[in-house]
There are 2 protein chains.
Amino acid sequence: MENKIFQNFLEKKGLKLTKERIAVLKEVFSFHDHFEPERLYLRIKNSDSKASRASVYRTLNLLVESGLVEKVTRTEKSNVYEHTFGHSHHDHMICDRCGSITEFYSEKLENLQKEICRSNGFDGKSHTLEIRGYCNKCKKIK
Amino acid sequence: MENKIFQNFLEKKGLKLTKERIAVLKEVFSFHDHFEPERLYLRIKNSDSKASRASVYRTLNLLVESGLVEKVTRTEKSNVYEHTFGHSHHDHMICDRCGSITEFYSEKLENLQKEICRSNGFDGKSHTLEIRGYCNKCKKIK
DNA sequence: TTGAAATTGAGATTAAATATCAATTGAATT
DNA sequence: AATTCAATTGATATTTAATCTCAATTTCAA
Ligand SMILES: [Zn+2]
Ligand SMILES: [Zn+2]
Ligand SMILES: [Zn+2]
Ligand SMILES: [Zn+2]
């Protein structure tokens, strides 16, 4: 469970699991969509367990470092995150018209990337694949 | 040639090919590396044909819109661009230690993505694949 | 209980990118 | 050549996500 994992992660770094960090962790795992830091802060602000904006940003960085959360992409305006613990790895298709995000996964694609890393002598740790274009609905309109 | 393409692009939009825009275009195509807007501005500042910071940013956006330049990635600090006209499509491996960028291309990978788009009813127009990890040199150190 | 280390939050700071706007330029028309 | 007007420029101001600062507070092990 994410709480235990985060606690272990913090312990190894000599950091403490405070009520603010719990508040952020809880909020991040209370829904399963992609989110931006500012939105997350506002959700926490309106919940019963508070944390300051600074703490939200700080904790978010720790969550990424722990592996529980990943940065999906960096848009013009801000970063976009998602919790990944409890979800298997996937990549994203983003519609340039409506902005909708389609998640997909391909074993073949993952293996091919490993192969490409190997042949380039690169020790790949993670990747971000973002396909842009028009989703099923929007491609009919324009 | 890029000048002609840019001129046609501007014409279609009812815009003019000014000396400032030429200066930016020239500088962007004077080297073949990835670059950040601020660095580009400084290069232009030290060249003989000047353009203000505002014009550099504005022209950069036009160059992306024209298809001559692409945004490689958006880092914590700024956007990273590269001119793509004259270069074939490729994806990037980025070293988390030294920041070096390795370009790669795989026909298989490209086809697989097309296949994935098809099976998702997605009309893919472009993609960004960024593999992060350690380059050949850095993986030995850490 | 004590004390060192970690954490917090309010506000300041940073910096990339965009917006503002008066002055200038470009080029088509007379 | 002069007129005209939209486009463009550049200096500066503004925006805003993210980070930093630091005094006050909390945590927890000794
Ligand atoms: Zn979930
Ligand atoms: Zn993947
Ligand atoms: Zn996702
Ligand atoms: Zn490249």
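Nothing here was measured: the structure is a model prediction, and the numbers come from that model. (Residues numbered from 1 in each chain as written. Chains lettered and ligands numbered in written order. Predicted model: local features only at pLDDT ≥ 70, side-chain atom pairs only at ≥ 80, totals over all residues. Heavy atoms only, no water.)

Let's shift gears to the protein's contact with DNA strand D. Close to DNA strand D lie 18 residues; K77(A), K16(B), T18(B), R21(B) and R58(B) are nearest. Backbone sugar and phosphate groups make up 78% of those atoms of DNA strand D lying within 4 Å of the protein. At a separation of 2.4 Å, a phosphate oxygen of DNA strand D approaches a polar side-chain atom of R21(B). Going through the elements one at a time, α4 (53–66) of chain A together with α2 (19–28) and α4 (53–66) of chain B are the ones with two or more residues in the surface near DNA strand D. At four residues, the largest contribution of residues to the surface near DNA strand D is made by α4(A). The residue inventory of the surface near DNA strand D, partitioned by class, reads four nonpolar, six polar and eight charged. (Near = heavy atom within 4 Å. Polar contact = N/O pair within 3.5 Å; in protein donor to acceptor, adjacent residues only side chain to side chain. Helix = DSSP H or I, 4+ residues; strand = E, 2+ residues; numbered from the N terminus. Nonpolar A, V, L, I, M, F, W, Y, C, P; charged D, E, K, R; others polar.)

This part is about the sheet that holds strand β3 (residues 91–95) of chain A. Consider a sheet: its strands pair through backbone hydrogen bonds, and that pairing is either parallel or antiparallel. As summarised here, the arrangement of the six strands in space is β4(A)-β3(A)-β5(A)-β5(B)-β3(B)-β4(B), forming an open sheet in which the pairing is mixed. Unpaired on one side and paired on the other, β4 (101–104) of chain A together with β4 (101–104) of chain B mark the two borders of the sheet. Here the average twist between neighbouring strands, direction ignored, is 20°. Note: β3(A) against strand β5 (residues 123–134) of chain A, four bridges, orientation parallel. Looking at β5(A), one finds that H92(A) is bridged to E130(A). Strand contacts of helix α5 (residues 107–119) of chain A: β3, β4 and β5 of chain A together with β3 (91–95), β4 and β5 (123–134) of chain B, with the helix running at about 130° to β5(A), the strand carrying the most contacts. (Pairing = 2+ DSSP bridges. Axes fitted to C-alpha atoms, helices over the stretch in contact; angles between N-to-C directions. Contact = heavy atoms within 4.5 Å.)

By themselves these figures say nothing about function.
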